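Structural description and commentary
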Amino acid sequence: MDFDVKDQGLAEKGRLRVEWAVKSMPVLRSIRERFAKEKPLAGLRMAACLHVTTETAALAQTLKAGGADLRVCASNPLSTQDDVAAFLALGENIPVFAIKGEDKDTYYKHIHKALEHLPQVTMDDGADLVGVLHSERRELLKNVIGGTEETTTGVIRLRSMAEKGVLQYPIVAVNDADTKHLFDNRYGTGQSTVDGIVRATNRLLAGSNFVVAGYGWCGRGVAMRASGMGAKVIITEVNPLRALEAVMDGYQVMTIEQAAPIGDFFCTLTGDIHVLRSEHFKVMKDGAIVCNSGHFNVEIDLESLAKMALTARQIRDFVEEFELPGGKKIYVLGEGRLINLAAAEGHPSSVMDMSFANQALCSEYMAKNYSSLKKTVYPVPEDIDREIARLKLASMGVTIDVLTAEQDRYLHSWEMGT
Ligand code: ADE
């Protein structure tokens, strides 16, 4: 079997860590049990371009139990957990192409390896697999019946492809399910980003000025958790509605120009390019820590920083020190890549449980319904979203109320007023 992992000797460590993750993924476990009986993905060739983590391994096991013939490649050069990649290849016989720290060429070589599988269904996180398929490997498009997309950035790219008439098959936007972004983006990114920053730096957050660029669901999560650790959170935004929410959530809101000279930590989560630029680095404090938790490593203009710097050196794992003229030092974490996956382990299993339950059920949905779908981006069907919330609550032992017949009638009526 063809695969490319860092060290096959790590497979047993990976197996144990996956077992640990699966314990916190009851919804996915229940889907896996049903898939094993019903085989809804029997013989379906799938290529999954995802962060290769313990949670992704749990999803891969689920898809395999459903009968899928799966290949996996990394969706980011720095997010792979090498022990998990080794376990998937050796313990699960799933061809995996992923090595933590791989260079750009290897990253794309691995995407091509996943595409050589001639996938019928693509599962993407950031839309790089779909991008390569629609540009360099167009001859493979004829095999594809549909796909799913995990993240905000990927959904934005796919919507742009659909609007421009470029997208060649239907894709379900898993990110947009309530059981995905309200939990994964908010609580998952919130906790794991702070975890990544703390693991990389061991700096104290309490009392610091912590600048969060972007107040989407991910930014909200990071702001909430940094604030919980005693940081004074500053939000920068371009969207007036989100900025207003940030104000009323109790944060200071200002421009990035105003925040640059006072921030101790900067974390970008905007999905846009060059949010932190040379004019900001120039006025930052000595010792400022700069990182990104948005999907791509474009939010911090690292090229400009490298040009401005007199020297650069790796001072700790995932911490690069840039010395600017005058002696000021700025620290960049994880090469400006997703800090929660670069320096920590990504979102905790119990939120990925819902995200990947959506992935599994939307793959099944695609396998059943592709022939009636158009070449565009679809929301997750509401019944899937609801069912995942119901299963998650049940797994937590939480019961909720049911409308009485009178209440139900009232909600469907208009006659009764004051
Ligand atoms: N994205 C963010 N956290 C993740 C995780 N733990 N596994 C897979 N994808 C992720």
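Residues numbered from 1 in each chain as written. Predicted model: local features only at pLDDT ≥ 70, side-chain atom pairs only at ≥ 80, totals over all residues. Heavy atoms only, no water.

Quick word on helix α16 (residues 382–395)
Compared with an ideal rise of 1.5 Å per residue, which puts 14 residues at 20 Å, α16 spans 20 Å between its outermost C-alpha atoms and is within 8% of the ideal. Where α16 ends, the next residue or the one after it, Gly 397, has phi of about 75°, a positive value. (Helix = DSSP H or I, 4+ residues; strand = E, 2+ residues; numbered from the N terminus. Expected span 1.5 Å × (residues − 1).)

Notes on the layout of surface pockets
What the second largest pocket holds in volume is close to 290 Å³. Considering every element that reaches the lining of the second largest pocket, the biggest residue donor is α16, with six residues. For the lining of the second largest pocket, the class distribution of residues is nine nonpolar, three polar and five charged. (1 Å grid on protein atoms, 1.4 Å probe; cavity = no way out; pocket = protein on both sides within 12 Å on 5 of 7 lines; lining within 4 Å. Points joined across faces, edges and corners; volume = space filled by probe spheres on them. Nonpolar A, V, L, I, M, F, W, Y, C, P; charged D, E, K, R; others polar.)

Here we look at the site of the ligand
His 51, Thr 53, Glu 55, Thr 56, Leu 341, Glu 345, Gly 346, His 347, Met 352 and Phe 356 make up every residue found near the ligand. With respect to the ligand, the side chain of Thr 53 contributes an N or O atom lying 2.6 Å from a nitrogen atom. Within the contact set of the ligand, a nitrogen atom lies 2.8 Å away from a backbone nitrogen or oxygen of His 347. Compared with its free state, where it exposes 260 Å², the ligand has 95% of that area covered by protein. For the shell around the ligand, the secondary structure elements donating two or more residues are α3 (54–65) and α15 (349–369). Considering only residue class, the shell around the ligand consists of three nonpolar, five polar and two charged. (Near = heavy atom within 4 Å. Polar contact = N/O pair within 3.5 Å; in protein donor to acceptor, adjacent residues only side chain to side chain. Areas by Shrake-Rupley, 256 points an atom, 1.4 Å probe, with all protein chains shown as cover.)

Section: the pattern of salt bridges
Taken as a whole and assessed by the stated rule, the structure comprises 24 salt bridges. A salt bridge links Lys 180 to Asp 184, with the nearest nitrogen and oxygen atoms 3.4 Å apart. Pair noted here: Lys 180 and Asp 184 are both in helix α8 (residues 178–201), with a separation of four residues, about one helical turn. By the burial criterion, Lys 180 is buried, and Asp 184 matches it. Between Lys 285 and Asp 264 there is a salt bridge, and its shortest N-O distance comes to 2.9 Å. (Salt bridge = Lys/Arg side-chain N within 4 Å of Asp/Glu carboxyl O. Buried < 20%, exposed > 50% of the residue type's maximum accessible area, 1.4 Å probe, protein only.)

Brief notes about the sheet that holds strand β2 (residues 69–74)
Taken in spatial order, the seven strands make up an open sheet running β3-β2-β1-β4-β5-β6-β15, and their pairing is parallel. Looking at the sheet topology across the chains shown, the edges are occupied by β3 (96–97) and β15 (377–379). Pairing of β2 with β3 involves two bridges; the strand directions are parallel. Following the sheet pairing, Cys 73 is matched in β3 by Phe 97. (Pairing = 2+ DSSP bridges.)

Function cannot be inferred from these measures alone, as they are strictly geometric.
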